[in-house]
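Each chain, letter by letter, is given below.
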Amino acid sequence: DGKVVLIRPKKFLAEDGNYRESRWFTAWRQERTVEEFYLPSIVSQVTRQRTVPIGDAAVALNDTVIAAETCEELFTADSPHINLGLDGVEIFGNGSGSHHTLRKLHRRVDLVRSASRKVGGACG
């Protein structure tokens, strides 16, 4: 319906190689906490929303629960998918935007498979 249902900020920032995200951003440190975020007026005009939830949360649908990790979070020892999976999340998304590094794809595939296995998922 064109609505923003959740803004899920990064819990872990990339600080290696080409990345120094903490120069510009602050990681979200409030576990299982959601606040109201006031949308910019241009977004409000399109979505007809004034605020949207922001925080460490998942989205419950009619027949499943979905959540997202962002890039670096998959590479951390305390990846958000661990607790989210224990809380009943069934589908995870991870938008990764890393630069190309030789053989890094294999590492990512292995991490996704490992994450899936940890929370009871099937992977090939």
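Here is what the cut-offs are and how they apply
- Residues numbered from 1 in each chain as written.
- Predicted model: local features only at pLDDT ≥ 70, side-chain atom pairs only at ≥ 80, totals over all residues.
- Heavy atoms only, no water.
- Helix = DSSP H or I, 4+ residues; strand = E, 2+ residues; numbered from the N terminus.
- Buried < 20%, exposed > 50% of the residue type's maximum accessible area, 1.4 Å probe, protein only.
- Contact = heavy atoms within 4.5 Å.
- Areas by Shrake-Rupley, 256 points an atom, 1.4 Å probe, with all protein chains shown as cover.
- Phe/Tyr/Trp six-rings, centres within 6.5 Å; stacked < 30°, edge-to-face > 60°.
- Lys NZ or Arg CZ within 6 Å of the ring centre and 35° of its normal.
- Polar contact = N/O pair within 3.5 Å; in protein donor to acceptor, adjacent residues only side chain to side chain.
- Patch = residues over 30% accessible without salt bridge, like charges linked within 9 Å, V, L, I, M, F, W, Y side chains within 5 Å.
- Salt bridge = Lys/Arg side-chain N within 4 Å of Asp/Glu carboxyl O.
- pLDDT = per-residue confidence, 0-100.
- Expected span 1.5 Å × (residues − 1).
- Arc of directions from axis to C-beta.

1. Notes on the overall build of the protein
Move 1: Each helix and strand in the protein was counted, giving 3 helices and 5 strands.
Move 2: The N-to-C order of helical and strand elements in the protein reads β-α-β-β-β-α-β-α.
Move 3: The principal-axis extent of the C-alpha atoms belonging to the protein is close to 45 × 40 × 25 Å.
Move 4: By residue count, 31% of the 124 residues in the protein fall in the buried class.
Move 5: Contacts in the protein between residues at least 24 apart in sequence constitute 56% of all its contacts with a sequence separation of at least 6.
Move 6: Counting only carbon and sulfur atoms, one obtains 55% of the accessible surface of the protein, whose full area is about 8500 Å².

2. Digging into the packing of aromatic side chains
Move 1: Scanning the model with the defined rule gives 0 aromatic pairs in all.
Move 2: Between the NZ or CZ atom of arginine 29 and the centre of the ring of phenylalanine 12, over which it lies, the distance is 5.8 Å.

3. Brief notes about the environment of glutamate 15
Move 1: As for its position among the elements, glutamate 15 is in the segment before strand E1 (34-38).
Move 2: According to the relative accessible area criterion, glutamate 15 is partly exposed, its value standing at 35%.
Move 3: As for glutamate 15 and glutamate 72, which are separated by 57 residues in sequence, their C-alpha atoms are 9.1 Å apart.
Move 4: Ignoring anything within four residues of it in the chain, the contact list for glutamate 15 reads Arg20, Glu21 and Ser22.
Move 5: A polar contact of 3.3 Å, which involves the side chain of glutamate 15, links it to the backbone nitrogen of glutamate 21.

4. Looking at a nonpolar patch on the surface
Move 1: Together, Leu61, Ile66 and Ile91 make up an exposed nonpolar region whose accessible area comes to about 240 Å².
Move 2: Counting through the fold element by element, leucine 61 comes out in the loop between strand E3 (59-60) and strand E4 (65-70).
Move 3: Owing to a relative accessible area of 45%, leucine 61 belongs among the partly exposed residues under this scheme.

5. Some thoughts on the confidence of the model for the protein
Move 1: Averaged over every residue, the pLDDT of the protein is 86; the share at 70 or more is 91%.
Move 2: Averaged pLDDT values for the elements of the protein fall to 75 in helix H3 (residues 104-118) and rise to 98 in E1.

6. Remarks on H3
Move 1: For H3, which comprises 15 residues, the first-to-last C-alpha distance of 21 Å matches the rise-based estimate of 21 Å (1.5 Å per residue) to within 8%.
Move 2: Buried within H3 we find Lys104, Arg108 and Ala115. In an axial view of H3, the angular spread of the buried residues amounts to 45 degrees, which keeps them on one side of the axis. When the buried face of H3 is taken as reference, the exposed residues oriented beyond 90 degrees from it are His106 and Arg117.

7. Concerning the side chain of lysine 10
Move 1: If you trace the backbone, lysine 10 turns up in the segment before E1.
Move 2: Judged by relative accessible area, lysine 10 falls into the buried class, the value being 18%.
Move 3: In terms of polar contacts, lysine 10 uses its side chain to reach the side chain of glutamate 21, at 2.8 Å.
Move 4: Among residues more than four places away in sequence, those in contact with lysine 10 are Glu21, Ala27, Trp28, Thr70, Glu72 and Glu73.

8. A closer look at the side chain of threonine 76
Move 1: Residue position: threonine 76 is located in the loop between E4 and helix H2 (80-86).
Move 2: Of the polar contacts made by the side chain of threonine 76, one reaches the backbone oxygen of glutamate 73; its length is 2.9 Å.

9. Looking at the environment of glutamate 72
Move 1: Its location among the elements puts glutamate 72 in the loop between E4 and H2.
Move 2: Residue classification places glutamate 72 among the buried positions, given a relative accessible area of 17%.

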